[in-house]
Each structure stands twice: as structure tokens, then as C-alpha cells.
Amino acid sequence: MKIKCFFVFFLFTAAAFALESESDFDINGYINGIFDNLENKYSQEESGTIYGTNSSLTFGYLPDTNSAVFVGINYSQKFGDDNKADFSPLLAYKFENETNNFIFGTEHRLTIINYHDYVLSRRWQYENPIFQGTYFSQDFEFVKWAIWADWTGLKSKDVREEFIHGHNFSYILKFAERNSIDFGWQFIYNHIASRDREFYNDSVEDIGALVANIIYCLDGFVHPKFHAIKTGVRGMLTYDRQRDKSDDYDTAFGIEGFAGVELGIFELSYSQYFKIYRNAPYEYNLKTSDDRFLEDFGQADINVCFLDNKYAKISFTLSFIATDSGVNHRQTMQVVAPNRAHEIKKYKRYDE
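Owing to the predicted nature of the structure, the values given are computational and were not obtained by experimental measurement.

About the cut-offs
Residues numbered from 1 in each chain as written. Predicted model: local features only at pLDDT ≥ 70, side-chain atom pairs only at ≥ 80, totals over all residues. Heavy atoms only, no water. Helix = DSSP H or I, 4+ residues; strand = E, 2+ residues; numbered from the N terminus. Buried < 20%, exposed > 50% of the residue type's maximum accessible area, 1.4 Å probe, protein only. Contact = heavy atoms within 4.5 Å. 1 Å grid on protein atoms, 1.4 Å probe; cavity = no way out; pocket = protein on both sides within 12 Å on 5 of 7 lines; lining within 4 Å. Points joined across faces, edges and corners; volume = space filled by probe spheres on them. Nonpolar A, V, L, I, M, F, W, Y, C, P; charged D, E, K, R; others polar. Pairing = 2+ DSSP bridges.

Enquirer: Kindly report on unusual backbone geometry, identifying the contributing residues and their values.
Expert: At alanine 176, a position not held by glycine, the phi torsion is positive, near 55 degrees. In this structure, glutamate 177 is a non-glycine residue whose phi angle is positive, near 65 degrees. Along the chain, glutamate 177 turns up in the loop between strand E8 (162–175) and strand E9 (179–192). You can call glutamate 177 exposed: its relative accessible area is 80%.

Enquirer: Tell me about the environment of isoleucine 172, and name the residues and values.
Expert: In this structure, isoleucine 172 sits in strand E8. The exposure class assigned to isoleucine 172 is partly exposed, which follows from its relative accessible area of 23%. Residues isoleucine 172 and lysine 144 lie 28 residues apart in sequence; the distance between their C-alpha atoms is 8.8 Å. Those residues in contact with isoleucine 172 that sit more than four places away from it in its chain are Phe142, Ser180, Ile181 and Asp182.

Enquirer: Describe in detail the layout of surface pockets, supporting the description with residues and values.
Expert: In this structure, the second largest pocket spans a volume of roughly 180 Å³. Forming the walls of the second largest pocket are 13 residues, and the residues nearest its centre are Ser76, Asp86, Ser88, Glu127 and Pro129. Contributing elements (two or more residues each) for the lining of the second largest pocket: strand E3 (67–78), strand E4 (84–96) and helix H2 (122–127). Here the element with the most residues in the lining of the second largest pocket is E4; it accounts for four residues. Split by residue class, the lining of the second largest pocket holds four nonpolar, five polar and four charged.

Enquirer: Kindly report on the pairing of strand E14 (residues 299–308), identifying the contributing residues and their values.
Expert: Here strand E13 (residues 266–279) pairs with E14 via seven bridges, running antiparallel. Residue pairing across strands places glutamate 267 opposite cysteine 305, the latter belonging to E14. The antiparallel hairpin formed by E14 and strand E15 (residues 313–322) contains four residues in its connecting segment.

Below is the structure:
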């Protein structure tokens, strides 16, 4: 508790110094609110509701045009029966120019990583919101890629060592002015080690998930409120191995088709997932909390994005999960609001 109080005091001191100093300083804020309600009567995952917010505030020193050192704090608040709050320190070095983006340290994960739920769900990102590791990406306009490593647990007698390695790639092929096709993928590898084996009997787990997509987009409409039409297909693969139990992999593969339309600030889309193959030598639960991993049937998602720009994003998802006994449903709403409270160097890329 004393360490947290000292860190908060240090943060306010840094803020006062940043506002009064003539040096190059920057202040960033970020709010992420989530509501996740699962009504699950017909399968193994328990019903429940998550409601809460994550907010962060960081102060950055800008020694040159492209580099910055940020220090700050993240505050997590859950409401309801599980009403609790938690503070986490943020400290990171960042380098960014027109092509490259490099981060080393701790960061609010959703500011840099926003993967499909099948790979890394919004619910899991809320429950463990702090990225701790290294991230590097490049943007060449039509080609974008990133690679990162995130340590989410360091081994002790009570904690299992755990890290996530991920990478993603996107290539956009444009033709006939208004048409484009996006070829890409998102992948994570999640390694979970054991704790002290004198007290625990934990299996060492290797978990992987991959989403590969082909997306067609038609844009450039004359009507000012009608922006684009998107449609495509995704292939989804997962594997899991518990080394101490078996050399066999638990694998699952499915296909998801989707279509969407952008209307002004609104975006409406529908997706349908079909599970094609499942090999399950033992039961396990991936930490994404995504029901596609748990059932042998399909899942339908209706997604509505009310707002999506550099200032705010509000999205709502209604999911229907089919089982042999009935249909479960889930409602998820997310509000994301990044905010730059103070800017000095307007020409810096991370101030755009």
C-alpha cells in the first residue's frame, strides 16, 4: 500500500512538473469500459456478468522527435458482487516514426493489440489489461505487420510463469479504384509453466490460436453517409497440449463467414462460425472465454459499432451459441476513449 501511495504521489509530481516545464512533455489518458453478460444454460461455462472500467494516465518526456519515455498508472474497477479495485504502474519507452513503432515496458494492452475474440477476447483483455513486454510493428501503407511478447506471469510458489507471443500481418490489394482485398492473419502462442512442484501438480501447457482472413471491401460511394461494404471469410485454428499428460494435441478448426456495412459513424456486421473439426483427448478451457472453443456447434454474432475514430469507440455484440440442448446467448458492450490531455509537439506522429 505504501508503494502505491508513493507511486501516486510521484505521478502527481510528474504531472505538475510536466505542465509547468517548458520542456517537451506529453500527457495521455485512456478509458476502457466493458459489460459482458453470458446466459449459459446448456453448456459447461458458468453464466455471469462482468461490468467495470479500466482507466490509465501517463506522462511522457520527449527527448527527441521520435522517442518518448512514459510513466503512469492504470486503475481497474469492477462492479457488482466482485466489487474490487486495483492499481498497476505503467512505465514504457516508445519509438515511433512514419513506418516503425517500438514499445518496451508496460502499456494498456488495447492501445496496441486488438485481436479477434477467437484469438484474444475483449473479456480476457479486460481481466488482465496491462501489456508487459516488447512490441514492434511496421506500416508500409499496403503492408502492415507486428510481432510482440507479453509476460503475464512470473514464476513463484504461488504463480505460474506465463507469456504470450503474437504476430499479425495484413496485405491490402487495391484494384479498380473502389475495390480492395485484405489478406492477413492474427496468431498467438500462449505458454503456461508449472509452479513449485513440491506444492502443486501443474501441467505445462502450450496453447496456440490462429485466424486467417480474406476480406473484400467496396468503398467510394457518392452518398456521404454510405461509406463501405465489407464481406469475407476467416479460417480459425486452435491447438493445446498439456505436456505432463499427453503428447497429443487438442485441436479445433472452423470457418467464419461475415458481412458488414459502414453507415456514417455506424458499422453493422453479421458473422457465422461453423466448427468443422475437433480432436479432444482431454478437457481444457482456453483463457479467451470464447464459446467457440467449448462447443461443437456454431456461433452467430451481430456486431454494431456506434462510433470508431481516434477519440472514441463504442461497440456492442450479441452472440448466439448453439448446443445440442439449446441456444445460449451473450451480450458484450465496450467503450474505449483514448484522450490526449496535453500536447506540445504537434508534428510528432504519436500526437496525430
